[in-house]
Amino acid sequence: MKKSLLIVPGILVVILLVFSGCNKKTTPDPCENKGQICITNKLDSTATIQVVQTNLVFDLDKDYMQCLVLTGDSPYNFKITSNKFHLDTTFILLSCDDKQLILE
């Protein structure tokens, strides 16, 4: 009788150990795998900004700022043109990045 009372809790413990160890635990990506870059135009005129990888082109007026939220862990090529100003650069934007680009 005593042996059968010990077997039932033992089986329950084994079942709990097996099922608790089989759950896959996934951790969410930090910042949803997004990074941010803010571009501020301090030039004398409007700047045209092109992000090559996203086919995004927009104008940024003088003394204004535009923030872009892009997929993290990726390189992005920026082509920025204005009167007497040209910049062709590449940034690697990581997850949770918060970069600032000031055009002067």
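You'll find the structure just up there.
A few points on the structure. Since we're looking at a predicted model, the values are computed, not measured. (Residues numbered from 1 in each chain as written. Predicted model: local features only at pLDDT ≥ 70, side-chain atom pairs only at ≥ 80, totals over all residues. Heavy atoms only, no water.)

1. Regarding the nonpolar core
The line we're drawing: Throughout this description, the term nonpolar core refers to a set of buried Ala, Val, Leu, Ile, Met, Phe, Trp, Tyr and Cys residues connected via side-chain atoms within 4.5 Å. To sort residues, take the accessible area from a 1.4 Å probe on protein chains only and compare it with the maximum for the residue type: under 20% means buried, over 50% means exposed, and anything in between is partly exposed. By the criteria applied, helices consist of DSSP H or I runs no shorter than four residues and strands consist of E runs no shorter than two, each listed in order from the N terminus. Contact between two residues is taken to exist if any of their heavy atoms lie within 4.5 Å; hydrogens are not considered.
In this structure, I39, I49, L68, L70, F78, I80 and L103 are the most contacted members of the largest nonpolar core, which totals 16 residues. Of all the secondary-structure elements, those providing two or more residues to this core are β1 (34-41), β2 (47-51), β3 (56-60), β4 (65-71), β5 (74-82) and β7 (98-103). In this view, L68 contacts G35, Q36, I37, I39, V51, L56, F58 and F78; residues no more than four positions away in its chain are not counted.

2. Observations concerning the sheet that holds β7
The line we're drawing: A pair of strands is considered paired only if DSSP assigns at least 2 bridges between the two. The axes are straight lines fitted to the C-alpha atoms, using for helices just the contacting stretch, and the angles between their N-to-C directions are given from 0 to 180°.
Spatially, the 3 strands line up as an open sheet ordered β4-β1-β7, and their pairing is mixed. Only two strands of the sheet have a single partner each, and these edge strands are β4 and β7. Adjacent strand axes in the sheet meet at a mean angle of 20°, parallel and antiparallel pairs treated alike. Two strands pair when backbone bridges link them, and β1 and β7 are joined in this way by 6 bridges, in the parallel orientation. Its bridge partner being in β7, N41 is matched across the sheet by L103.

3. Remarks on the state of the cysteines
To keep it simple, the criterion reads: By definition, disulfides here are pairs of cysteine sulfur atoms that lie within 2.5 Å.
Enumeration according to the criterion identifies 2 disulfides in this entry. Disulfide partner of C31: C96, at an S-S distance of 2.0 Å. Disulfide C31 to C96: torsion about the S-S bond roughly 110°, handedness right-handed. Placement of the pair is C31 in the loop between α1 (2-21) and β1 and C96 in the loop between β6 (85-93) and β7, with a sequence separation of 65 residues. The class for C96 is partly exposed, based on a relative accessible area of 38%. Covalently, C38 is tied to C67 through a disulfide, its sulfur atoms 2.1 Å apart. Taking the torsion about the sulfur-sulfur bond, which here is approximately 105°, the covalent link between C38 and C67 counts as right-handed. Here the residue C38 occupies a position in strand β1, and C67 occupies one in strand β4, the gap between them amounting to 29 residues. Looking at C67, the relative accessible area reads 31%, which means it is partly exposed.

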